[in-house]
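Observations on the model geometry
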Amino acid sequence: MNGRYLSKLKQFRCVYYVSRMKSTTTFSKDEPIVKLAYSIHKNEEKGVKSTSVIVMHGLMGSRNNWRSLSKALCKTGRKVIAVDARNHGESPHSEHMNYFLMSDDVLRLMDSLGEDRVNLIGHSMGGKVLMTLALTHPDRVENLVVVDVAPKPRPANVTPTTSSYLQSMLKVSSSLCDMTEISLSQAKKHADMILQESVQDLSIRQFLLTNLIHQDGRFRWRVNLDSVINNMPELGDFPEFNQQFTNPTLFIGGQNSDYILSSDIPRIKELFPKADVKHIENAGHWVHAENPQEFLKVTKAFLLENDNR
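Residues numbered from 1 in each chain as written. Predicted model: local features only at pLDDT ≥ 70, side-chain atom pairs only at ≥ 80, totals over all residues. Heavy atoms only, no water.

Along the chain, the regular secondary structure elements total twelve helices and ten strands. Per-residue burial over the chain gives 54% buried out of 309 residues. Per element, the accessible surface of the chain, about 14400 Å² overall, is 48% carbon and sulfur. (Helix = DSSP H or I, 4+ residues; strand = E, 2+ residues; numbered from the N terminus. Buried < 20%, exposed > 50% of the residue type's maximum accessible area, 1.4 Å probe, protein only. Areas by Shrake-Rupley, 256 points an atom, 1.4 Å probe, with all protein chains shown as cover.)

The subject of this paragraph is the pairing of strand E6 (residues 141-147). With respect to burial, E6 is a largely interior element, seven of its seven residues being buried. Where strand E5 (residues 118-123) meets E6, five bridges bridge the pair, whose relative direction is parallel. Bridge pairing links Val118 to Val141 in E6. Considered for its hand, the β-α-β crossover made up of E5, helix H4 (residues 125-136) and E6 is right-handed. Direction of pairing for E6 relative to strand E9 (residues 249-254): parallel, over a ladder of four bridges. Residue pairing for E9: Val146 is matched across the bridge by Phe251. (Pairing = 2+ DSSP bridges. Right-handed = clockwise from strand over helix to strand, strands pointing away.)

On to H4, then. When the terminal C-alpha atoms of H4 are compared, their 17 Å separation across twelve residues agrees well with the 16 Å that a helix rising 1.5 Å per residue should span. Counting buried positions along H4 gives eleven out of twelve residues, so the element sits mostly inside the fold. Restricting attention to buried positions, one finds in H4 the residues Met125, Gly126, Gly127, Lys128, Val129, Leu130, Met131, Thr132, Leu133, Ala134 and Leu135. (Expected span 1.5 Å × (residues − 1).)

Once that is clear, we can look at the pattern of salt bridges. Scanning all chains against the criterion turns up 15 salt bridges. A salt bridge links Asp105 to Arg86, with the nearest nitrogen and oxygen atoms 2.7 Å apart. Of this pair, Asp105 sits in helix H3 (residues 99-113) while Arg86 sits in the loop between strand E4 (80-83) and H3, and the two are 19 residues apart along the sequence. You'll find Asp105 and Arg86 in the same group, each marked buried. One salt-bridge network, in which partners are shared between bridges, spans Arg63, Asp84 and Glu90. (Salt bridge = Lys/Arg side-chain N within 4 Å of Asp/Glu carboxyl O.)

With that settled, the discussion passes to the side chain of Asp105. Look at Asp105 and you get buried, because its relative accessible area is 2%. When near neighbours in sequence (up to four residues on either side) are disregarded, Asp105 contacts Val34, Leu36 and Arg86. (Contact = heavy atoms within 4.5 Å.)

For the rest of this paragraph, the subject is helix H12 (residues 292-305). For H12, with 14 residues, the first-to-last C-alpha span of 20 Å sits near the 20 Å given by 1.5 Å per residue. Residues of H12 that are buried include every one of Pro292, Phe295, Leu296, Val298, Thr299, Phe302 and Leu303, and no others.

This next bit is on the packing of aromatic side chains. Scanning the entire structure with this criterion turns up seven aromatic pairs. Between Phe238 and Phe241, the ring centres sit 5.7 Å apart and the planes meet at 50°, which makes this aromatic pair tilted. No difference in accessibility class separates Phe238 from Phe241, as the two residues are buried. Considering the side-chain rings of Phe245 and Phe272, the 6.4 Å spacing of their centres and the 65° angle between planes classify their relative orientation as edge-to-face. Separated by 27 residues along the polypeptide, Phe245 in the loop between helix H9 (232-236) and E9 and Phe272 in the loop between helix H10 (265-271) and strand E10 (275-280) bring together distant segments of the chain. Grouping aromatic residues by their ring pairs yields a cluster made of Tyr99, Phe100, Phe238 and Phe241. (Phe/Tyr/Trp six-rings, centres within 6.5 Å; stacked < 30°, edge-to-face > 60°.)

Even without being a glycine, Asp148 presents a positive backbone phi close to 50°. Mapping Asp148 onto the fold places it in the loop between E6 and helix H5 (159-176). With relative accessibility at 0%, the residue Asp148 sits in the buried group. Although it is not a glycine, Asp216 sits at a positive phi angle of roughly 55°. Along the chain, Asp216 turns up in the loop between strand E7 (212-215) and strand E8 (218-221).

Moving on to the environment of Gln255. In this structure, Gln255 sits in the loop between E9 and H10. The exposure class of Gln255 is partly exposed, given its relative accessible area of 46%. It is 6.2 Å that separates the C-alpha atoms of Gln255 and Gly284, two residues lying 29 residues apart in sequence. In this structure Gln255 touches His279, Ile280, Glu281, Asn282 and Ala283, once residues within four positions along its chain are discounted.

Core analysis: the largest hydrophobic core is formed by 62 residues, its most contacted members being Met60, Val106, Leu144, Leu208 and Phe272. Sort the elements by how many residues they give to this core and H4 lands first, with seven residues. Contact partners of Met60, with chain neighbours within four places excluded, come to His88, Leu166, Met169, Phe207, Leu208, Asn211, Val223 and Leu225. (Core = buried A, V, L, I, M, F, W, Y, C linked by side-chain atoms within 4.5 Å.)

Note that all results are geometric; they support no functional claim without further evidence.
Here it is as structure tokens:
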């Protein structure tokens, strides 16, 4: 982002809340409850004039990855609620992890915040969570934006790569176990050397290293690696649905990514009959980070077009 664009974002205020309100939605008593961590972004000067937006990150990410874009989106007079998925960011850890449970987490958050209907924006894993929410509770969703993921299992060439990343992160955990006298920056340098064995892309290593923190006298990953690894078969898949989400939906893919292919469009249209699919130039899987200006342009235009329809 250029300096002029960043300067405009400074006028927006980010407010952080922790919800302790009781949920009004009925859930199975057997389901483990996770109260998601979240941040609320809103333009204090303009107020809130349109339906709120909930944003969810992808695998190994957090709501912090969406901070600048959330502030930009609230410029349209919307309240933007950026959330950490279970086992990510500052949300609680759980051994249970699938798209139904994770979409229920979002519903609980909506209830606690008094949000009856919302717009949803989800990237990759977050996109699958929010597609699941829209398909199972369409009455709670106004519009849906899915970022560089399709309603299908993840591409075959991606799963081995992700597994190697996770194994390298476990190796980092073991290596840092007895290193208590070094700084966080030194720990990240050490971790980076280990990650280089399987993660050649510097930007991906830097992304993964945002999860490394120092807490209670030791270094650890913020993300719950054990749960992610144990539940990877579910996270890499996508549930089967017979029902549709018939409200406006936008799929945004990266031109250099293979997560949304032309062969995926029939299934997309089957589940989301009002879906439009756009690919953004000069962007790969992390579309919103690699070409944020174009991503914002497309997303804001979609939301504005479908406001109060």
